[in-house]
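Chain by chain, the residues:
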Amino acid sequence: MGTNQSWGGRFSQGPAQMVADYTDSQTYDRHLYAQDIRASQAHARMLGRQGILSMAEAAELVNGLERVRQEIEDGTFVWKRELEDVHMNIEARLTELIGDTGKKLHTGRSRNDQVGLTFRLFVADALKDWQKHLSELVEALSKQAQAHKETLLPGLTHLQPAQPVSLAHHLLAYCWMLIRDSDRIADCLSRVAISPLGAAALAGTTYPLDPLSVAYDVGFQAIYDNSLDAVSDRDFVVEAQSCASLIMVHLSRLCEELILFANPNFGYLRLPDNYSTGSSIMPQKKNPDVCELMRGKSGRIFGHLMGILTVLKGLPLAYNRDLQEDKEGFLDTHTTITSSLAVMAGLIRELIFVPERMAQACKSGFLNATELADYLVGLGHPFREAHHITGKAVAMAEANGLRLEELSIKQLQSLSADITESVYEILDPARAVSRRETPGGTGPKSVETQLGKVRQWLARN
Ligand code: ARG
């Protein structure tokens, strides 16, 4: 192969074909073209402002880069494997288009700080995209919550019937997970949005650059403090992958519940036809493949987090080519996160809940046992004793195939003489829910407060 025009000066021979294929990244880092061009234009403008290039040259570079962008977006740009990566492909085409001035773009810059800024811009754009999708999902969930403030279902612990909760409360739990995900991204963004440009290869440069103005130009607020750290730091990728992993944890928990609740034995919800699939052999089947796939996709996202951690572990300062391995995992994460969030928002919007089935389920499983215990505490029994008496009531009901509220007053009084008819009122699941008004509880006022907070968050995000 011919030598590379960007670094081939000292070589008598180019890399072997196999080596060129092995080191090539343009097949995937071309997805970063918009960020690379933005960064290069900011660099060119700064070179002009600082008098390192003439203003006319700077303008020529900026306009030439615009033409390259156009070609890429029109699909007429010819990507060349021998030019290794997105950076050199763009720069080479720029020089073809505008002539020798193109060769001045790289003044005071190395690909090491260039790729750092390009990738940081890409990750920042991706994170903002995830935030937008998270807001849409939170909105979809909160709308369903709004519509189901009165719908009750059995709340579970250990996947066993525990206490009744409102469906609104249940759905809002997911809103808070996703709100934390978005807030976590905001925090992560403050460390992503730091420009490494000006660090050059590793040690800084002799040109009188103004790196902070480049940072501002691309919409970042700060620059690196140490050039060695600037070109070798990929903490921001780990943080972004970790944000993505938690999003997938939350989505996959939601998927698991949707799968479970769609099972006819629960029957709490029906999956909309356009979000389900059938079976090629069993005609009755309506399968939750979308949720299963999303739950499964969390595996590869966690893998990408482990991947970048492992790439970074033990790397000496400063730039090492290992760092090129930061991108493919992230590109896949980006596609997976945005599509998963969009699909989940669509599914939630169209989800059909079956309140009657949930109400039916609230009648079994002794969900009101805690109410009876609390009632006995109200009569003056210490909680442990009340718990014990209630346990006996449950055993008695179970032995007779009855619900707690179906035990006669005589049966109940055989366990504690001071129980009166008023006990039956407190055994109603709706009463149980309405009495739980502790902050963040399932009581209607607490749920209304939550809904208000979620709406406020949505207005800000
Ligand atoms: N494609 C490289 C990467 O993604 C760009 C930087 C290469 N720098 C170098 N000196 N080989 O990391």
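Residues numbered from 1 in each chain as written. Predicted model: local features only at pLDDT ≥ 70, side-chain atom pairs only at ≥ 80, totals over all residues. Heavy atoms only, no water.

*Asks:* Break down the packing of helix H11 (residues 289–312) against helix H12 (residues 327–350) for me, citing the residues and quoting the values.
*Replies:* In the contact formed by H11 and H12, the axes pass within 10 Å of each other and the chain directions differ by 155°. By the angle class used here, H11 and H12 are roughly antiparallel. Relative to H12, H11 is oriented so that their crossing is left-handed. Residue-level inspection shows Val290, Cys291, Met294, Lys297, Arg300, Ile301 and His304 of H11 in contact with H12, the latter providing Gly329, Asp332, Thr333, Thr336, Ser340, Val343, Met344 and Leu347. The class makeup of the residues in the contact of H11 with H12 is seven nonpolar, five polar and three charged. (Axes fitted to C-alpha atoms, helices over the stretch in contact; angles between N-to-C directions. Helix = DSSP H or I, 4+ residues; strand = E, 2+ residues; numbered from the N terminus. Parallel < 35°, antiparallel > 145°, perpendicular 65-115°, else oblique. Left-handed = near helix turned anticlockwise from the far one by under 90°. Contact = heavy atoms within 4.5 Å. Nonpolar A, V, L, I, M, F, W, Y, C, P; charged D, E, K, R; others polar.)

*Asks:* Now, about the side chain of Gln450: what can you tell me, with residues and values included?
*Replies:* Among the structural elements, Gln450 can be located in helix H19 (residues 444–460). Apart from residues no more than four positions distant in its own chain, Gln450 is found in contact with His169, Leu172, Trp176, Gly440 and Gly441.

*Asks:* Hey, could you go over the side chain of Arg120 for me, with residue numbers and the actual values?
*Replies:* Take Arg120: it is sitting in helix H6 (residues 111–147). For Arg120, a relative accessible area of 4% translates into the label buried. Leave out the neighbours within four places in its chain, and Arg120 touches Arg191, Val192, Ile194, Pro196, Phe220, Asp233 and Phe236. (Buried < 20%, exposed > 50% of the residue type's maximum accessible area, 1.4 Å probe, protein only.)

*Asks:* How would you explain H19 if you had to name every residue and give the values?
*Replies:* Over its 17 residues, H19 runs 24 Å from end to end, which matches the ideal 24 Å to within 8%, given 1.5 Å per residue. Of the positions making up H19, those classed as buried are Ser446, Val447, Gln450, Leu451, Val454, Trp457 and Leu458. When H19 is viewed along its axis, its buried side chains cluster within an angular range of 140° and face the same direction. Counted as exposed and oriented over 90 degrees from the buried face of H19: Lys445, Gln456, Ala459 and Arg460. (Expected span 1.5 Å × (residues − 1). Arc of directions from axis to C-beta.)

*Asks:* How would you sum up the site of the ligand? Please name residues and give values.
*Replies:* In the vicinity of the ligand, the residues found are Ser25, Asp85, Arg111, Asn112, Val115, Tyr319, Arg321, Gln324 and Lys327. Tyr319 has a polar side-chain atom sitting 2.4 Å from an oxygen atom of the ligand. Side-chain polar atom of Gln324 to a nitrogen atom of the ligand: 2.8 Å apart, as the coordinates give it. When the free accessible area of the ligand is taken as 340 Å², the share hidden by the protein chains comes to 86%. Across the shell around the ligand, the residue classes break down as two nonpolar, three polar and four charged. (Near = heavy atom within 4 Å. Polar contact = N/O pair within 3.5 Å; in protein donor to acceptor, adjacent residues only side chain to side chain. Areas by Shrake-Rupley, 256 points an atom, 1.4 Å probe, with all protein chains shown as cover.)

*Asks:* Which residues make up helix H15 (residues 383–399), and what are the values?
*Replies:* Here H15 contains 17 residues, and its C-alpha end-to-end distance of 24 Å stays within 8% of the 24 Å for a straight helix at 1.5 Å per residue. Listing the buried residues of H15 in full gives Ala386, Ile389, Thr390, Ala393, Val394 and Ala397. Projected down its long axis, H15 shows its buried positions confined to an angular sector of 150°, all on one face. Within H15, the exposed residues directed more than 90 degrees away from the buried face are Arg384, His388, Glu398 and Ala399. Among the residues trailing H15, Gly401 stands out with phi positive, at a value near 65°.

*Asks:* How would you explain a nonpolar patch on the surface if you had to name every residue and give the values?
*Replies:* A cluster of nonpolar side chains, contributed by Leu202, Leu228 and Leu317, occupies part of the molecular surface with about 270 Å² of accessible area. With respect to the helices, strands and loops of the structure, Leu228 is situated in helix H9 (residues 227–232). (Patch = residues over 30% accessible without salt bridge, like charges linked within 9 Å, V, L, I, M, F, W, Y side chains within 5 Å. Salt bridge = Lys/Arg side-chain N within 4 Å of Asp/Glu carboxyl O.)

*Asks:* I'd like to hear about the packing of aromatic side chains, residue by residue, with values.
*Replies:* Evaluation of the coordinates by the stated rule reveals eight aromatic pairs. Aromatic pair Phe261 and Tyr268: ring centres 4.9 Å apart, planes at 45°, arrangement tilted. For the residue pair Phe261 and Tyr268, the accessibility class agrees, reading buried in each case. Ring geometry for Phe266 versus Tyr268: centroids 5.3 Å apart, planes at 90°, classification edge-to-face. Residue classification places Tyr268 among the buried positions, given a relative accessible area of 5%. The rings of Phe119, Phe122, Trp130, Phe236 and Phe330 are connected pair by pair, giving a single aromatic cluster. Seen from the ring of Phe11, Arg10 lies directly overhead, with NZ or CZ sitting 5.8 Å from the centre. (Phe/Tyr/Trp six-rings, centres within 6.5 Å; stacked < 30°, edge-to-face > 60°. Lys NZ or Arg CZ within 6 Å of the ring centre and 35° of its normal.)

*Asks:* Lay out empty space enclosed by the protein with the relevant residues and their values.
*Replies:* Counted under the stated rule, the structure contains one cavity of 30 Å³ or more. Its boundaries defined by the atoms lining it, the largest cavity holds a volume of some 90 Å³. Listed by contribution, the elements that provide at least two residues to the lining of the largest cavity are helix H7 (167–192) and helix H10 (235–262). For the lining of the largest cavity, the per-class residue count stands at twelve nonpolar, one polar and one charged. (1 Å grid on protein atoms, 1.4 Å probe; cavity = no way out; pocket = protein on both sides within 12 Å on 5 of 7 lines; lining within 4 Å. Points joined across faces, edges and corners; volume = space filled by probe spheres on them.)

*Asks:* Describe the pairing of strand S2 (residues 160–166), and please don't skip the residues or the numbers.
*Replies:* Regular strands place side chains that alternate from one sheet face to the opposite one. Alignment of strand S1 (residues 152–157) against S2, held across six bridges, turns out to be antiparallel. Its bridge partner lying in S2, Pro154 is registered against Pro164. Counting the residues in the hairpin turn of S1 and S2 gives two residues, including His158, whose phi is positive at 55°. (Pairing = 2+ DSSP bridges.)

*Asks:* Any chance you could break down the layout of surface pockets for me, citing the residues and the numbers?
*Replies:* Quantified by volume, the largest pocket comes out at close to 480 Å³. Contributing to the lining of the largest pocket are 21 residues, with Gly155, Leu156, His170, Ala173 and Glu257 lying nearest its centre. Listed by contribution, the elements that provide at least two residues to the lining of the largest pocket are S1, S2, H7 and H10. With six residues, H7 is the largest single contributor of residues to the lining of the largest pocket. Partitioned by chemical class, the residues of the lining of the largest pocket number eleven nonpolar, seven polar and three charged.

*Asks:* So, the pattern of salt bridges: which residues are in play, and what are the values?
*Replies:* All chains considered together, the criterion is met by 31 salt bridges. Linking Arg300 and Asp332 is a salt bridge whose minimum nitrogen-to-oxygen distance equals 2.7 Å. Taken as a pair, Arg300 in helix H11 and Asp332 in helix H12 lie far apart in primary sequence, 32 residues in all. Taking the relative accessible area as the measure of exposure, Arg300 reaches 37% and is therefore partly exposed. Overall, the relative accessible area of 21% leaves Asp332 in the partly exposed class. Of the charged contacts in the structure, one is a salt bridge between Arg403 and Glu406, with a shortest N-O distance of 3.5 Å. On the basis of relative accessible area, Arg403 is assigned to the partly exposed category, the value being 30%. On the accessibility criterion, Glu406 (36% relative accessible area) is partly exposed.

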